[in-house]
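Reading the structure
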Amino acid sequence: MVFLDTGTHVVMGIGLAGLSTLDPAIGQNPSLFSAVAIGVIVGSQAPDIDTVLKLKNNAVYLKNHRGVTHSIPAQLLWPTLITLVLLLFFPNTSVPHLWGWTMLAVFLHVFVDIFNAYGTQALRPFSEKWVALGWINTFDAFIFGAHIVGILLWLFNLADPGPTFVTIYAGLILYYIVRGLQHRQIVRAIHRTYPHATKWFISPRMSLGKFRVAVSSDDHFYVGTYENGKLHMVDQFNRLPFPDKEWLHAAKEDENVSAFLSFSPSYRWEIDKNEQFVEIRFIDNRYRSKGHYPFVAVVQLDWDLDVLCSYTGWVFREETLQKKLSERKD
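Report follows, based on the coordinates.

**Concerning unusual backbone geometry**
In this chain, R124 is followed by P125 through a cis amide linkage whose omega measures 10°. Within the fold, P125 resides in the loop between helix 6 (95-114) and helix 7 (141-155). Residues other than glycine seldom take positive phi values, yet N228 does so here, at roughly 55°. Along the chain, the position of N228 falls in the loop between strand 3 (220-227) and strand 4 (230-238).

**Brief notes about the sheet that holds strand 3**
Spatially, the four strands line up as an open sheet ordered 1-2-3-4, and their pairing is antiparallel. If you trace the sheet from one side to the other, it starts and ends with strand 1 (199-204) and strand 4, each paired once. Recorded for the sheet is a direction-independent mean angle of 20° between the axes of neighbouring strands. In the sheet, strand 3 pairs with strand 4 via eight bridges, with the strands oriented antiparallel. Bridge pairing in strand 4 links H220 to N238. Lying over the sheet, helix 8 (residues 161-193) contacts strand 1, strand 2 (210-216), strand 3 and strand 4, oriented at roughly 140° with respect to strand 1.

Cut-offs used in this document
Residues numbered from 1 in each chain as written. Predicted model: local features only at pLDDT ≥ 70, side-chain atom pairs only at ≥ 80, totals over all residues. Heavy atoms only, no water. Helix = DSSP H or I, 4+ residues; strand = E, 2+ residues; numbered from the N terminus. Pairing = 2+ DSSP bridges. Axes fitted to C-alpha atoms, helices over the stretch in contact; angles between N-to-C directions. Contact = heavy atoms within 4.5 Å.

In C-alpha cells:
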C-alpha cells in the first residue's frame, strides 16, 4: 500500500508539471519548465520522506509518519529546500515560478492525504490532532487512472498537457464532491441506526461505493460495512473498563503499545494470563478483513510488570504473530 500511495503522488507530480505549461513564463522557457517539472515531482514526494522510518521499526514509523514532515512549517520548508538545490543546476531560473509551483505540489500532497482514512497531522505545530476525512482510499484507482490517461496523452503527443490536466483536475474536483456526499450519507445512516454513537470511522475500500465502518458508543463497539446504500454491522463488542490499571499503565510504557495507541482512535483489548506472563492485546476496530482484525499491538509482561516482548503492526495469522513475539524474547 505504501508503494501504491507513492505511485499516486508521483503521477500527481507529473500532472502538475503538465499543468504548469499553462503558465506563460514556463511554457515559453524550456529551462524553466525543466526546473519546475523536477521541482513539482520531487515536491509531490517530499513530505513522505518519513517513510524511511519503516526501516527502523513499526513503532517509530507509526508515531512519526505524516507528522512533522506534513506540518505547516514543513510545507514551507520543502519548496524552499528544493528550490535552493535546483538553483545550483538552473542558476538563471525564475525563483518565484519555481518556488510557487513546488509549493503547490507540496501543499497538494498534504491536502490529498487529509481526505483518506489514515489522515495526517497537517495542523502541527498548532495541533497534533489527526485530520482524516475518510472520503478517499489511500490508493484510489480512479484518481491514479485519470493521471495515467493524461500522462499517456501527453507522452504520445495526442493532447496538450495544460488543457488535458485542467480537464482531469476539474473532473477530480467533481469526484471528490461525490465522495464527500457519499460520506455524509453514511454518517446519516450511522446516526439513524446508532443515535447514541460517540465516534465513527469511515474508510473507503478499493471498490467504489464500498466502505468499512467502525462505530463507538459509551457501551459498545460496532464494526461493519456500508454498501449499496445500506449499513451492515457484522461484529459487536462490549466496551468494558480495563480490569487492572497497573497492567494497563505498564503496557502503555512499552514503545510498541504507545505508538499503537497514539495512532488508533478505536480499539479494544484482550487479556490472556498464564503462569509465566500476562499478554495484553490491543486491536484496532477499523481494519476488519475477512473476519480478522490484523492491525494490533501485543505486549507480554511478567508478573513483576516488566516487558518480556512486544509487537505492533499488521498480522494476518496468529502463528506469524507468535513467531514475531518469540523472536523478540530472544
